[in-house]
Amino acid sequence: MRDNLPVHPGLTGVVVHGAGRGRGLGFPTANIAADPGSRVPPPAIYSGWVVRHSTGTVHRGTISIGSNPTFCDTSDVHVEVYCHDTSDEFYGERVGLWFVARIRDTVKFASPDDLVRSARQDVLRSETLLDSDHGRRVLTDVLAAHGSTLSA
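**Q** Outline the overall build of the protein, supporting the account with residue identities and numerical values.
**A** Within the protein one finds three helices and six strands. Listing every helix and strand of the protein by position from the N terminus yields β-α-β-β-β-β-β-α-α. Each of the 152 residues in the protein was classed as buried or not, and the buried ones make up 47%. A separation threshold of at least 6 residues defines the contact pool for the protein, and within that pool the share at least 24 residues apart is 69%.

Structure representation (structure tokens):
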């Protein structure tokens, strides 16, 4: 199920301001400026755990890596994560992403409404993956890597 995902932790970086579209679509995302040397997986939608270094918490996440093709306004690859279990803003915080599984390719949708419908399904699939044996093993790895400094 690993699908050639990065070795844990898969990606680290700082949360920066994005275009703000996710919030407007009902899926506020934390945009990650990946640290130099972080291995960014190929464009796709992923399930994973989000480690907030400043608070010592781990959150459930659905991660989008790609150029936001539905909006066709850039060719730059962005790393964005929607946290299922918090609406906190993470601006300026260092985070680590621990990938559990690839959900699907990034695609250009016919409309923002189609994108939102798919995003809802992505989050449901991500929840299932995070609750799977493999997802729980990755969480165990997250907690072990950080000792007792984290809480899930």
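**Q** Before we move on, can you summarise the environment of Ser 118 with the specific residues and values?
**A** Inspection of the secondary structure puts Ser 118 in helix α2 (residues 112-131). When its relative accessible area of 15% is taken as the criterion, Ser 118 is described as buried. Excluding its chain neighbours within four sequence positions, the residues that come into contact with Ser 118 are Arg 104 and Phe 109. In terms of polar contacts, Ser 118 uses its side chain to reach the side chain of Arg 104, at 3.4 Å.

**Q** Outline the nonpolar core, listing residues and values.
**A** One finds Ile 32, Ile 63 and Leu 97 to be the most contacted residues of the largest nonpolar core, which totals 16 residues. Listing elements by their share of this core, those giving two or more residues are β1 (11-16), β2 (30-34), β3 (44-52), β4 (57-66), β5 (78-83) and β6 (94-104). Sequence-distant contacts of Ile 32, that is, excluding residues within four places in its chain, are made with Leu 11, Gly 13, Val 14, Val 15, Val 79, Val 81, Val 95 and Leu 97. Membership of the second largest hydrophobic core comes to 13 residues, among which are Val 51, Val 58, Ala 101 and Leu 139.

**Q** Please provide a residue-by-residue account of the sheet that holds β2, values included.
**A** The six strands are arranged β1-β2-β5-β4-β3-β6 in a closed barrel whose pairing can be described as antiparallel. Averaged over all pairs of adjacent strands, the angle between strand axes in this sheet comes to 45°, irrespective of strand direction. As judged from the eight bridges shared by β3 and β6, these two strands associate in the antiparallel manner. Opposite Val 50, over in β6, you have Leu 97 as the bridge partner. Contacts from α2 reach β3, β4, β5 and β6, with the element oriented near 100° to β6. Against the sheet, helix α3 (residues 133-145) engages β3, β4 and β6, with an angle of about 165° to β6.

Calculation notes
- Residues numbered from 1 in each chain as written.
- Predicted model: local features only at pLDDT ≥ 70, side-chain atom pairs only at ≥ 80, totals over all residues.
- Heavy atoms only, no water.
- Helix = DSSP H or I, 4+ residues; strand = E, 2+ residues; numbered from the N terminus.
- Buried < 20%, exposed > 50% of the residue type's maximum accessible area, 1.4 Å probe, protein only.
- Contact = heavy atoms within 4.5 Å.
- Polar contact = N/O pair within 3.5 Å; in protein donor to acceptor, adjacent residues only side chain to side chain.
- Core = buried A, V, L, I, M, F, W, Y, C linked by side-chain atoms within 4.5 Å.
- Pairing = 2+ DSSP bridges.
- Axes fitted to C-alpha atoms, helices over the stretch in contact; angles between N-to-C directions.

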